[in-house]
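Here is how the chains run, residue by residue.
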Amino acid sequence: MIDTRPDRRHDQIVITTRTGPLTAPAKINLRLQVVGRRPDGYHELEMLNFPLSLHDTLWIEPVEGGIEAVCDVQGVPNGPSNLAARAARCFFEAVGVNQGLKIEIDKRIPVLAGLGGGSSDAASVLLALNSAADRPLGSTELNSLARSIGADVPFFLEQKPCWAGGIGEVLTPLQDWPQMHIVLVKPDFGVSTAWAFEQWRGGLTSRGLQVNLPLSFPDWESLVPFVRNDLEKYVSERHRQVRRIRGMLFELGALHASMTGSGPTVFGVFSSCETAAEAKAKIESQSEGLWSEYTTTNLHR
């Protein structure tokens, strides 16, 4: 049991030297099904999440004073609202430590893209601090702390494919999954997650994560019946670029193309790294600076 009194370990230093690089992977949702609305207003989800090789890189170092996050990418907050800084504060509060930190973020995951970059940064900080402090928080406590920061943060503690229920925090890791070659296309605008979920017009009865969902997917074909995004219809109706990009990915040979999360990023799954690279190059030549393109793979093992 962790004693969370603020003065318990007030003078202890967790990070004594510059620590890193820490890897914070992006993710895609192969499935995002809204199964209902909870009494607290949040939507109950059934998701199939895969972490990607595309990642942010972080470094942590001790400083005098408070906790700051530093990133030179537009749209990424450097103040207390940055999830990585919030994760550090929450961890120190949980274990009763008062230490100043500087968190440097080399941002490679696009912002406001539905790829979970901020949540992944937060999870990487939690894992690094817990390790540096000789793991005062067990997995249950660390997951509870992650949930208090954001619904996606617990998934990034796992860093492996998972079924995700609840608001995203009820996780069931997969046992087997295929390698996928992926092209990500991010339009030059963001989509508010709150707005996207407000557009959903389904029923209001929550049923939770199904108990009979498969945990093993030997190949891409076995995944196909489960691919779905209930928010794509609403986002693509407002932002026609999403529909256009999805169509282009199919035309260039994608086995499947879909929006991830609340968008606006669209991913295409290809049969090989060569076909993915060719598709990325062709889309890039037609984007006229309106999109950003990335090739990546899912984290396989």
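Summarised in this report is the structure supplied together with it. Computed from a predicted model, the values in this text were never measured in an experiment.

### Re the overall build of the protein
Helix and strand content of the protein: nine helices and 11 strands. Compactness check: the protein gives a C-alpha radius of gyration of 20 Å against a globular reference of 19 Å for 301 residues, within 12% of the reference. Each of the three principal axes of the protein carries a C-alpha extent, and together these read 60 × 45 × 35 Å. A buried classification covers 52% of the 301 residues belonging to the protein. In the protein, once contacts between residues fewer than 6 apart in sequence are set aside, the share between residues at least 24 apart is 76%. On the protein, roughly 13,600 Å² of surface is accessible, and the fraction owed to carbon and sulfur atoms is 48%. Between the mean site of the 29 positive side-chain charges and the mean site of the 34 negative ones, the protein shows a separation of 5 Å.

### Digging into the packing of helix H1 (residues 83–95) against helix H3 (residues 139–149)
At their nearest, the axes of H1 and H3 sit 10 Å apart, and the two run at 135° to each other. With respect to each other, H1 and H3 are oriented oblique. Where H1 crosses over H3, the two elements pack in a sense that is right-handed. The segment H1 lies against H3, with Leu 83, Arg 86, Ala 87, Cys 90, Phe 91 and Ala 94 engaging Leu 145, Ser 148 and Ile 149. Residues belonging to the contact of H1 with H3 are distributed by class as follows: seven nonpolar, one polar and one charged.

### Here's the deal with the side chain of Asn 143
Within the secondary structure, Asn 143 sits in helix H3. Polar side-chain contacts of Asn 143 include one of 2.8 Å to the backbone oxygen of Ser 139. For Asn 143, the residues in contact, after removing those within four places along its chain, are Pro 154 and Leu 157.

### Here we look at helix H2 (residues 117–132)
Between its first and last C-alpha atoms H2 spans 23 Å; for 16 residues at 1.5 Å apiece the expected length is 22 Å, and the two agree. Burial analysis of H2 places 12 of its 16 residues in the buried class, which makes it a mostly covered element. Turning to H2, its buried residues number three or more, namely Gly 117, Ser 119, Ser 120, Asp 121, Ala 122, Ala 123, Ser 124, Val 125, Leu 126, Ala 128, Leu 129 and Asn 130. As for H2, its buried residues are in contact with strand S1 (19–37), strand S2 (43–63), H1, strand S4 (100–106), H3 and helix H4 (153–158). Asp 134 lies just past H2 and shows a positive phi near 65°.

### Comments concerning unusual backbone geometry
The omega torsion of the bond from Gly 20 to Pro 21 falls at 0°, within 30 degrees of zero and hence cis. Mapped onto the elements of the fold, Pro 21 is located in strand S1. With an omega dihedral of 5°, the bond running from Gly 263 to Pro 264 counts as a cis peptide bond. Residue position: Pro 264 is located in the loop between strand S9 (256–259) and strand S10 (266–270). Although it is not a glycine, Leu 112 adopts a positive phi angle of roughly 50°.

### Structural notes on the sheet that holds strand S11 (residues 291–297)
One open sheet accounts for four strands, arranged S9-S10-S7-S11; its pairing is antiparallel. On the outer flanks of this sheet lie S9 and S11, each paired with one strand and no other. Here the strands of the sheet are splayed against their neighbours by 20° on average, with no regard to which way each runs. In the sheet, strand S7 (residues 181–187) pairs with S11 via seven bridges, with the strands oriented antiparallel. When the sheet's bridge partners are listed, Lys 186 is paired in S11 with Ser 292. Contacts from helix H9 (residues 273–286) reach S7, S10 and S11, with the element oriented near 175° to S11.

### What to know about the packing of H1 against H2
At a closest axis distance of 8 Å, the pairing of H1 and H2 adopts a crossing angle of 35°. Between H1 and H2 the crossing geometry is right-handed. Together, Leu 83, Ala 84, Ala 87, Ala 88, Phe 91 and Phe 92 of H1 and Gly 118, Ser 119, Asp 121, Ala 122, Val 125, Leu 126, Leu 129 and Asn 130 of H2 make up the contact between the two elements. Classifying every residue of the contact of H1 with H2 by side-chain character gives 10 nonpolar, three polar and one charged.

### Overview of the packing of aromatic side chains
Under the counting rule described, the total for this entry stands at five aromatic pairs. Between Trp 163 and Phe 226 the ring centres are 5.9 Å apart and the planes differ by 75°, which places this aromatic pair in the edge-to-face class. Of this pair, Trp 163 sits in strand S5 (residues 162–165) while Phe 226 sits in the loop between helix H6 (220–223) and strand S8 (228–229), and the two are 63 residues apart along the sequence. Owing to a relative accessible area of 1%, Trp 163 belongs among the buried residues under this scheme.

### Details of the nonpolar core
Among the nonpolar cores identified, the biggest contains 70 residues, and Phe 91, Val 125, Leu 126, Leu 129 and Leu 249 are the most heavily contacted of them. When residues of this core are assigned to their parent elements, the largest contribution, nine residues, is made by H1. Apart from the residues lying within four places of it in its own chain, the contact partners of Phe 91 are Leu 126, Leu 129, Asn 130, Ala 133, Pro 136, Leu 137 and Leu 145. Core analysis: the next-biggest nonpolar cluster, separate from the first, contains 23 residues, Ile 28, Leu 48, Ala 113 and Phe 217 among them.

Procedures and definitions
- Residues numbered from 1 in each chain as written.
- Predicted model: local features only at pLDDT ≥ 70, side-chain atom pairs only at ≥ 80, totals over all residues.
- Heavy atoms only, no water.
- Helix = DSSP H or I, 4+ residues; strand = E, 2+ residues; numbered from the N terminus.
- Rg over C-alpha atoms; globule rule 2.2 N^0.38 Å.
- Buried < 20%, exposed > 50% of the residue type's maximum accessible area, 1.4 Å probe, protein only.
- Contact = heavy atoms within 4.5 Å.
- Areas by Shrake-Rupley, 256 points an atom, 1.4 Å probe, with all protein chains shown as cover.
- Lys, Arg positive; Asp, Glu negative; His and termini not counted.
- Charge placed at Lys NZ, Arg CZ, Asp CG, Glu CD.
- Axes fitted to C-alpha atoms, helices over the stretch in contact; angles between N-to-C directions.
- Parallel < 35°, antiparallel > 145°, perpendicular 65-115°, else oblique.
- Left-handed = near helix turned anticlockwise from the far one by under 90°.
- Nonpolar A, V, L, I, M, F, W, Y, C, P; charged D, E, K, R; others polar.
- Polar contact = N/O pair within 3.5 Å; in protein donor to acceptor, adjacent residues only side chain to side chain.
- Expected span 1.5 Å × (residues − 1).
- Pairing = 2+ DSSP bridges.
- Phe/Tyr/Trp six-rings, centres within 6.5 Å; stacked < 30°, edge-to-face > 60°.
- Core = buried A, V, L, I, M, F, W, Y, C linked by side-chain atoms within 4.5 Å.

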